[in-house]
Amino acid sequence: MSSLQVTLPDGSVKSVAPGTSALDIATGISPRLADAAIVAKVDGQLYDLTRPLEADCTLQILTTKDPEALEVYRHSAAHLCAAAVLELFPETKLGIGPPIENGFYYDFDRPTHFTPEDLERIEAKMNELQAKALTFERRLIGKQEGIEKYTAMNEPMKVELITEKADDPFTEYTLGPDFIDFCRGPHVPNTSKIKAYKLLSVAGAYWKGDEKNKQLQRIYATAWFTKKELDDYLHKLEEAKKRDHRKIGKELDLFSIQELAGPGLIFFHPKGGIIRKQLEDWMRDAYLKRGYSLVYTPHVMRRDLWKTSGHANFYSENMFSVMELDDAEYQLKPMNCPGHILIYKDGQHSYRDLPVRLGELGTVYRYERSGTMHGLLRVRGFTQDDAHIFCMPSQIEDEIVNCLDFAKDTLNTFGFTQYKAEISTWDNGASGKYDGEPEMWHLAEGALRKACDRLGIEATVIPDEAAFYGPKIDVKLVDAIGRLWQLSTVQFDFTLPKRFELEYTGEDGKKHQPYMVHRALFGSVERFFGILVEHYAGAFPTWLAPVQVAVLPITSGQNEYAQTVVDKLKDAGVRVHFDARPEKVNFKIREAQVQQIPYMLVIGGREAEAGKVSVRHRRKADLGVVPFEEFLAMVTAEIASKATE
RNA sequence: GCCGGUGUAGCUCAGUCGGUAGAGCGGCAGUUUUGUAAACUGCGGGUCGCAGGUUCGAUUCCUGUCGCCGGCUCCA
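Nothing here was measured: the structure is a model prediction, and the numbers come from that model.

The rules behind the values
- Residues numbered from 1 in each chain as written.
- Chains lettered and ligands numbered in written order.
- Predicted model: local features only at pLDDT ≥ 70, side-chain atom pairs only at ≥ 80, totals over all residues.
- Heavy atoms only, no water.
- pLDDT = per-residue confidence, 0-100.
- Helix = DSSP H or I, 4+ residues; strand = E, 2+ residues; numbered from the N terminus.
- Buried < 20%, exposed > 50% of the residue type's maximum accessible area, 1.4 Å probe, protein only.
- Lys, Arg positive; Asp, Glu negative; His and termini not counted.
- Salt bridge = Lys/Arg side-chain N within 4 Å of Asp/Glu carboxyl O.
- Contact = heavy atoms within 4.5 Å.
- Axes fitted to C-alpha atoms, helices over the stretch in contact; angles between N-to-C directions.
- Parallel < 35°, antiparallel > 145°, perpendicular 65-115°, else oblique.
- Left-handed = near helix turned anticlockwise from the far one by under 90°.
- Phe/Tyr/Trp six-rings, centres within 6.5 Å; stacked < 30°, edge-to-face > 60°.
- Lys NZ or Arg CZ within 6 Å of the ring centre and 35° of its normal.
- Core = buried A, V, L, I, M, F, W, Y, C linked by side-chain atoms within 4.5 Å.
- Domains from an automatic or database assignment.
- Expected span 1.5 Å × (residues − 1).
- Pairing = 2+ DSSP bridges.
- Right-handed = clockwise from strand over helix to strand, strands pointing away.
- Nonpolar A, V, L, I, M, F, W, Y, C, P; charged D, E, K, R; others polar.
- Near = heavy atom within 4 Å.
- Polar contact = N/O pair within 3.5 Å; in protein donor to acceptor, adjacent residues only side chain to side chain.
- Disulfide = S-S within 2.5 Å.

**Some details on the confidence of the model for chain A**
Piece 1. Chain-level pLDDT for chain A is 92 on average; 100% of the residues reach the 70-or-more range.
Piece 2. Among the prediction metrics, the complex's ipTM stands at 0.93, with pTM recorded as 0.92.

Structure representation (structure tokens):
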């Protein structure tokens, strides 16, 4: 038999005997490469390192530096987990076990539940199997034979998957002598490669993600190439826990959720209230600066309105139930759009008036299923910085540019420098679930893309992800520890103008239907507040901090001078806390630090005599003694500039 | 809504194999006048989430229910 020509990434060609594996070639190149190798890429397709090559090909050895290799690695770790589970709990049925961000999960079906102790045992068993360097072996099996085999193995979910998805023949992978799983692969050569993982939690998960199906037990785990990466990740989890807005919200007395009042309903305490006021004031001012009008609409409205808008039909399961009043049925608003539309409709519009931009910080109520609420991030009552723009087709591009520019401004103001944009399109209506004329979709989608181009925003296009009533662009922000949060959204709506028969008089004297754009930048004020808490870990920039300056006299002898300092700060509009308690200054400083107050003014006899203050910053510590007026000028300037540190 | 976990003082948590509970911090009172992250002493404070059941007796065991936590589904 003639030899195979294998082309390597550097262009060199190796001549090898048929049946040679990528691992053989790697070993031939260097033992270090063989050691770092995780998986191979043959003609662009992922291959097990040990799989024999059968034809001329290009070959790339993927090592721990490759993201694709990490996925394979995690997938192999998932198999290791499943093998450990089957050894300890042989009656368990296997679901699926894919790699995910940061690790993998594996779904199992078994009569009793995994306990935290079980997780420890499973992990210990994984370690045991790992140390044996069990090999992953790829096998081909005919589909019919496979179905019979997995039926005999009593693996009903695997049988279902094979029946639905498998090729004929399909691949399966063994791990050691006992474990076998239907799997596309590839895998690492053996378990000695799998070096750093940790089982994290068990959770219920529906088979195939459908809540009509049986609920399985999902083991979540994290897996990394090295112990260090694993430790870093676990450390990051700890860090995220420390930043949890529910924890900080309690520590800093920002907000609460009251059992007596109901879940998903937020109480802003005085300190949270001050911060929220900053967000809202900034947003309202920005509305006015950018040519929006501010409106207010009622919280309950007749059901007839929700029938006209369509919400009573397609959104009813998310709405609070109907209230029967004397004259009619009423319902709490789940969205602000119909209210704004009524304002638009209450009068005639000439093309000269457009665009009309109606903005509101509108509080909406949505029925969220119990078990879905989460602090401030997922609630039943929340306030949208919501606006609706009614405009002519010729105006939509500029309007989208304005919206996105506004979104960028919002992000920058609140200290976010990184973000991602996603355009959701109708994919030429292929799926048939969309409303509106094709030309409207094309025009709107074009406007979204062009607006991004004009602003230099890089946007990913997600086909067939649009709402049925129009395409949209979502902006997601990246926070201080690299997490992604859904924030702003700008959406076209082709349905509501039609349902409400909106119109304007055009240059031609005829009636036309305006385009409608729905947009929210914070998204929800509550959620944005929660994101801010986590982003800053409670250490809000001075302009947002509930208390901006703490004045701390060392003894009561300085109280009088300290009071004048406090008064001048208050006069300048600075939020100041005067701690005149007869406590040690160390104690007062500690309290101010714990409360993340940006500035502490320590005032002793020396400062009082000289009209100075000793400035301590919560992060930079002691900044030294300065004349009070100098500090006042500095802090008021910092506040006015909305510096985010 | 579903699966699992959980609920003890304002907060963080311990405890009771069934005999109505304890610490630290915080609060209050007094003492301490203090120089850049916790002074000292004393005193209060809990129908052990709620409702039933078992029991002579339940915070503890059982059932139901509500909230919270981790997920699933859904989503701003």
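**Examining the side chain of Lys 588**
Piece 1. Relative to the helices and strands, Lys 588 resides in helix H18 (residues 585-594).
Piece 2. Buried within the structure, Lys 588 lacks any salt-bridge partner; Asp 579 is the closest side chain of opposite charge, at an N-O distance of 4.6 Å.
Piece 3. If we skip the residues at most four places from it in the chain, Lys 588 touches Leu 552, Pro 553, Asp 579, Ala 580, Arg 581 and Glu 583.

**Some words on the packing of helix H13 (residues 396-413) against helix H14 (residues 438-455)**
Piece 1. Running from N to C, H13 and H14 point in directions that differ by 50°, and their axes come no closer than 8 Å. Between H13 and H14, the crossing angle belongs to the class labelled oblique. Helix-helix and strand crossings are classified by hand; for H13 and H14 the assignment is right-handed. Contacts between H13 and H14 pair Ile 396, Glu 397, Asp 398, Ile 400, Val 401, Leu 404, Asp 405 and Lys 408 from the former with Leu 443, Ala 444, Ala 447, Leu 448, Lys 450, Ala 451, Cys 452, Arg 454 and Leu 455 from the latter.

**Observations concerning the packing of aromatic side chains**
Piece 1. For the coordinates displayed, the defined rule picks out 33 aromatic pairs.
Piece 2. Summarising the aromatic geometry, the rings of Phe 255 and Phe 529 are spaced 6.5 Å apart at their centres and angled 90° between planes, so their arrangement reads as edge-to-face. In this pair, Phe 255 is assigned in strand E14 (residues 255-257) and Phe 529 in helix H16 (residues 525-536), connecting sequence segments 274 residues apart.
Piece 3. With centroids separated by 5.0 Å and ring planes inclined at 65°, the aromatic side chains of Tyr 434 and Trp 441 adopt a geometry described as edge-to-face.
Piece 4. We classify Tyr 434 as buried; its relative accessible area is 14%.
Piece 5. Judged by its relative accessible area of 0%, Trp 441 falls in the buried class.
Piece 6. Ring-pair connections join several aromatic residues into one group, and the members of that group are Trp 282, Tyr 287, Tyr 292, Phe 406, Phe 414, Phe 416, Phe 522, Phe 528 and Trp 543.
Piece 7. The ring of Trp 224 is capped by Arg 74, whose NZ or CZ atom sits 4.4 Å from the centre of that ring.
Piece 8. For Arg 218, the ring lying beneath its charged end belongs to Tyr 105, and the centroid distance is 3.6 Å.

**Focus on the nonpolar core**
Piece 1. Membership of the largest hydrophobic core comes to 88 residues, with the highest contact counts inside it found for Phe 414, Phe 492, Val 549, Val 551, Leu 569, Val 613 and Phe 631.
Piece 2. Take this core: its biggest share by element is eight residues, from H13.
Piece 3. Here this core gathers at least three residues from each of two domains, domain 3 (255-297 + 336-536) and domain 4 (549-640).
Piece 4. In this view, Leu 569 contacts Val 549, Val 551, Val 574, Val 576, Leu 601, Phe 628, Phe 631, Leu 632 and Val 635; residues no more than four positions away in its chain are not counted.
Piece 5. Val 39, Ala 78, Ile 219 and Ala 221 belong to the second-largest nonpolar core, a separate cluster that totals 37 residues.

**What about the pattern of salt bridges?**
Piece 1. Overall, the coordinates contain 42 salt bridges when judged by the stated rule.
Piece 2. With its nearest N and O atoms 3.0 Å apart, the salt bridge here joins Glu 91 to Arg 110. Here Glu 91 is found in the loop between helix H3 (67-88) and strand E6 (93-94), whereas its partner Arg 110 is found in the loop between strand E8 (103-109) and helix H4 (116-131), with 19 residues between them in sequence.
Piece 3. Look at Glu 91 and you get partly exposed, because its relative accessible area is 39%.

**Looking at H13**
Piece 1. Helix length check: H13 (18 residues) gives 25 Å between terminal C-alpha atoms against 26 Å at 1.5 Å per residue, within 8%.
Piece 2. Looking at H13, one finds that the buried residues are Ile 396, Glu 399, Ile 400, Val 401, Asn 402, Cys 403, Leu 404, Phe 406, Ala 407, Thr 410, Leu 411 and Thr 413.

**Describing the pairing of strand E29 (residues 549-553)**
Piece 1. Counting buried residues along E29, five of its five residues qualify, which places the element largely inside the surrounding structure.
Piece 2. Neither face of E29 is open: one carries Val 549, Val 551 and Pro 553, the other Ala 550 and Leu 552, and all of them are buried.
Piece 3. By the bridge criterion, three bridges tie E29 to strand E30 (residues 576-578) in an arrangement that is parallel. If you follow Ala 550 over to E30, its bridge partner there is His 577.
Piece 4. Since E29 and E30 lie parallel, the crossover through helix H17 (residues 559-571) that links them has a hand, and here it is right-handed.
Piece 5. Looking at chain direction, E29 and strand E31 (residues 599-603) are connected through five bridges and run parallel. Bridged to Val 551 within E31 is Leu 601.

**A short note on the packing of helix H9 (residues 270-289) against H13**
Piece 1. Remark: H9 packs on H13, axes separated minimally by 12 Å, with the N-to-C direction vectors making an angle of 150°. When the axis of H9 is compared with that of H13, the two are roughly antiparallel. Like other packed secondary-structure pairs, H9 and H13 cross with a definite hand, here right-handed. The residues of H13 that touch H9, namely those facing Trp 282, Met 283, Ala 286 and Tyr 287, are Phe 406, Asp 409, Thr 410 and Thr 413.
Piece 2. Across the contact of H9 with H13, the residue classes break down as five nonpolar, two polar and one charged.

**Focus on the protein's contact with RNA strand B**
Piece 1. Around RNA strand B, a shell composed of 48 residues is seen, among which Gln 215, Ser 370, Arg 378, Glu 607 and Ser 614 lie nearest.
Piece 2. Backbone sugar and phosphate groups make up 48% of those atoms of RNA strand B lying within 4 Å of the protein.
Piece 3. A distance of 2.7 Å is found between a base nitrogen of RNA strand B and a backbone nitrogen or oxygen belonging to Val 379.
Piece 4. Between a base nitrogen of RNA strand B and a side-chain N or O atom of Glu 607, the distance comes to 2.3 Å.
Piece 5. Only strand E12 (196-206), strand E13 (215-224), helix H8 (245-251), H18, helix H19 (605-610) and strand E32 (612-617) provide two or more residues apiece to the surface near RNA strand B.
Piece 6. Sorting elements by how many residues they give to the surface near RNA strand B places H18 first, with six residues.
Piece 7. Per-class residue counts for the surface near RNA strand B are 14 nonpolar, 17 polar and 17 charged.

**Side note on the side chain of Gln 395**
Piece 1. Looking at the secondary structure, you find Gln 395 in the loop between strand E21 (381-391) and H13.
Piece 2. Since its relative accessible area comes to 15%, Gln 395 is described here as buried.
Piece 3. Among the polar contacts made by the side chain of Gln 395, one reaches the main-chain carbonyl oxygen of Leu 354 at a distance of 3.2 Å.

**What about the state of the cysteines?**
Piece 1. Here the structure, examined in full by the defined rule, presents zero disulfides.
Piece 2. We note that Cys 403 lacks a disulfide partner, and the nearest cysteine sulfur, in Cys 391, lies 9.1 Å from it.
Piece 3. The class of Cys 403 is buried, set by a relative accessible area of 0%.

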